[in-house]
Amino acid sequence: MTSATTTTTFRVEAFHEGEWWVARVAGLDANYTQARTFEEVREMARDLIALALDIDETEVGEIVVTENDWR
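Calculation criteria
Residues numbered from 1 in each chain as written. Predicted model: local features only at pLDDT ≥ 70, side-chain atom pairs only at ≥ 80, totals over all residues. Heavy atoms only, no water. Pairing = 2+ DSSP bridges. Helix = DSSP H or I, 4+ residues; strand = E, 2+ residues; numbered from the N terminus. Salt bridge = Lys/Arg side-chain N within 4 Å of Asp/Glu carboxyl O. Buried < 20%, exposed > 50% of the residue type's maximum accessible area, 1.4 Å probe, protein only. Axes fitted to C-alpha atoms, helices over the stretch in contact; angles between N-to-C directions. Phe/Tyr/Trp six-rings, centres within 6.5 Å; stacked < 30°, edge-to-face > 60°.

*Asks:* Any chance you could explain the pairing of strand β1 (residues 9–17) here in plain terms?
*Replies:* Within a regular beta strand, the side chains point alternately toward one face of the sheet and then the other, so they alternate between its two faces. Relative to strand β4 (residues 62–67), β1 runs parallel, the two sharing six bridges. Note on β4: the bridge partner recorded for T9 is E62. Two elements, β1 and strand β2 (residues 20–25), share six bridges in a ladder whose sense is antiparallel. Note that in β2 the partner of V12 across the bridge is V25.

Take a look at the structure:
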């Protein structure tokens, strides 16, 4: 895959569940990840996006994280 994803903005919604933050990356088939803190959500989302798209983490574009309550 090419580095065309560097211009892509990924939207991530996160909610607190017990001791974890659960995050969903919009537009990906394998779109859920988790993190211990809200601050780690962006990093975990970057890992997930890179794995799902089979690209290097440095090729992942902008990540916008919002906190939501899905319940």
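*Asks:* How do you make sense of the pattern of salt bridges when you look at a structure like this?
*Replies:* When their charged atoms lie close together, side chains carrying opposite charge are able to pair. Summed over the entire model, instances satisfying the criterion amount to two salt bridges. One salt bridge connects E13 with R24, and the closest N-O pair in it is separated by 2.6 Å. Of the two residues, E13 sits in strand β1 while R24 sits in strand β2, which places them 11 residues apart along the sequence. Here R24 falls in the partly exposed class, since its relative accessible area comes to 24%. With a shortest N-O distance of 3.9 Å, E19 and R36 are connected by a salt bridge. With E19 in the loop between β1 and β2 and R36 in the loop between β3 (32–35) and α1 (41–53), this pair connects stretches of sequence that are 17 residues apart.

*Asks:* Would you mind going over the sheet that holds β4 with me for this structure?
*Replies:* By way of backbone hydrogen bonds, the strands of a sheet pair with one another, either parallel or antiparallel. Taken in spatial order, the four strands line up as β3-β2-β1-β4 in an open sheet, and their pairing is mixed. Of all the strands in the sheet, the pair left with one neighbour each is β3 and β4. Sheet twist, expressed as the average angle between the axes of neighbouring strands with direction ignored, equals 30 degrees.

*Asks:* It is not clear to me how the packing of aromatic side chains should be interpreted in this structure. Could you clarify?
*Replies:* Two aromatic rings are characterised by how far apart their centres lie and by the angle between their planes. Tallied over the entire structure, the rule returns one aromatic pair. When the ring of W21 is compared with that of F38, the centres are 4.9 Å apart and the planes differ by 65 degrees; the resulting orientation is edge-to-face. Remark: F38 occurs in the loop between β3 and α1 and W21 occurs in strand β2; sequence separation between them is 17 residues. Residue W21 is classed as buried on the basis of its relative accessible area of 10%. Classification of F38 as partly exposed rests on a relative accessible area of 28%.

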